[in-house]
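The lines below spell out each chain.
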Amino acid sequence: VGDINAETVQSKSVSQHYPLCMSHLMKGLNQEHHLKYLGRQQLSLFLKGIGLSVDEALKFWSFNFTKGPMNLEQFNKEYRYNFRHNYGLEGGRINYKPWDCHQILSKASPSRDEYHGCPYRDLTSEKLTMELNKMGITDQYDVNTIVDNSSRGDYTNACTKVFELTHKKEIEIATQKTKFDLSLITHPNLYFDRSRKLAK
Ligand code: SF4
């Protein structure tokens, strides 16, 4: 995808298609000017999956990490390898794939200053409700359905429901024209691709 680069991945036009886990990580990165290991892996492989090249990825991460106390030399020494490694350019040269929801959910839950994981599992009902409201989901019935799904452990159901509610109009238009894929969302990159497709 030609328009995906270090700058646009933080722009509204691209980030509006991120699932909650990825906007949560972006928010954490903005606040901390840093992300711990699992957060770096989850977000960097997702961004790779949406088409961010390794050069643009290094620009993006170094720019964000050096907004705080860290300087570029430190970044290059401590983190450059990690991001290049994710693109298969270091070590075993494995071309790592973006994590699906199952993989994301199989990692340890985030501690206080971590942002990885799935917000439908990791946020309290109050915080999740606040996030839903921010996304424009305010109808009590809808909020309750999503919070109930989440507390039952149906995280991907909750996420898919959020997708449907936040893309209601676009889905209506798309399904009039052709058959649109409305299967369960089990991968953050599927969420992104489906959302972008609807916007076209
Ligand atoms: Fe991300 Fe998957 Fe959780 Fe949605 S269900 S927020 S895509 S991990």
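As the structure is a computational prediction, the values presented were derived from the model and not from experiment.

Conventions and cut-offs
Residues numbered from 1 in each chain as written. Predicted model: local features only at pLDDT ≥ 70, side-chain atom pairs only at ≥ 80, totals over all residues. Heavy atoms only, no water. 1 Å grid on protein atoms, 1.4 Å probe; cavity = no way out; pocket = protein on both sides within 12 Å on 5 of 7 lines; lining within 4 Å. Points joined across faces, edges and corners; volume = space filled by probe spheres on them. Helix = DSSP H or I, 4+ residues; strand = E, 2+ residues; numbered from the N terminus. Phe/Tyr/Trp six-rings, centres within 6.5 Å; stacked < 30°, edge-to-face > 60°. Buried < 20%, exposed > 50% of the residue type's maximum accessible area, 1.4 Å probe, protein only. Lys NZ or Arg CZ within 6 Å of the ring centre and 35° of its normal. Near = heavy atom within 4 Å. Sits in = over half its atoms within 2 Å of the grid points. Nonpolar A, V, L, I, M, F, W, Y, C, P; charged D, E, K, R; others polar. Salt bridge = Lys/Arg side-chain N within 4 Å of Asp/Glu carboxyl O.

Peer 1: Any chance you could explain empty space enclosed by the protein here in plain terms?
Peer 2: If you roll a probe as big as a water molecule over the atoms, it shows you where there is empty space left. Per the stated rule, a full pass over the model turns up one cavity of 30 Å³ or more. In this structure, the largest cavity encloses a volume near 110 Å³. Along its surface, the largest cavity is lined by 13 residues, and Cys21, Cys101, Cys118, Tyr120 and Cys159 are the ones closest to its centre. For the lining of the largest cavity, the secondary-structure elements that each account for two or more residues are α2 (20-32), α7 (101-106), α8 (119-122) and α11 (155-166).

Peer 1: Would you mind going over the packing of aromatic side chains with me for this structure?
Peer 2: The relation between two aromatic rings is expressed through the spacing of the ring centres and the mutual angle of the planes. A full pass over the atoms with the stated rule returns twelve aromatic pairs. Aromatic side chains Phe65 and Tyr79 sit 5.1 Å apart centroid to centroid with 80° between the ring planes, which places their arrangement in the edge-to-face category. Of this pair, Phe65 sits in helix α4 (residues 54-65) while Tyr79 sits in the loop between α5 (72-78) and α6 (80-86), placing them 14 residues apart in sequence. Each member of the pair, Phe65 as well as Tyr79, carries the same accessibility label: buried. Taken together, the ring pairs in this structure connect Phe60, Trp61, Phe65, Phe75, Tyr79 and Phe83 into an aromatic cluster. Sitting over the face of the ring of Tyr87, Lys48 holds its NZ or CZ atom 5.3 Å from the ring centroid. The aromatic ring of Trp99 is capped on one face by Lys107, whose charged end is 4.4 Å from the ring centroid.

Peer 1: Sorry, what's going on with the site of the ligand here?
Peer 2: Lining the immediate surroundings of the ligand are Pro19, Cys21, Cys101, Ile104, Cys118, Pro119, Tyr120, Tyr155, Thr156, Cys159 and Pro188. Here the ligand is seated within the largest cavity. Of all the secondary-structure elements, those providing two or more residues to the shell around the ligand are α7, α8 and α11. Looking at which element gives the most residues to the shell around the ligand, the answer is α11, with three residues. Taken together, the residues of the shell around the ligand break down into ten nonpolar, one polar and no charged.

Peer 1: What should I look at first to understand the pattern of salt bridges in this one?
Peer 2: Between side chains of opposite charge, a pair can form when the charged atoms approach closely. Summed over the entire model, instances satisfying the criterion amount to nine salt bridges. One salt bridge in this structure joins Lys36 and Asp113, with 3.1 Å as the shortest N-O distance. Taken together, the residues Lys36 in the loop between α2 and α3 (37-50) and Asp113 in the loop between α7 and α8 connect sequence positions 77 residues apart. The exposure class assigned to Lys36 is partly exposed, which follows from its relative accessible area of 38%. Of the charged contacts, one joins Glu56 and Lys59 as a salt bridge, the two residues approaching to 2.9 Å between their closest N and O atoms. Separated by three residues within a single helix, Glu56 and Lys59 lie in helix α4, roughly one turn from each other. Overall, Lys59 belongs to the partly exposed group, its relative accessible area being 49%. Each member of the salt-bridge network shares a partner with another, and the members are Lys27, Glu131 and Lys134.

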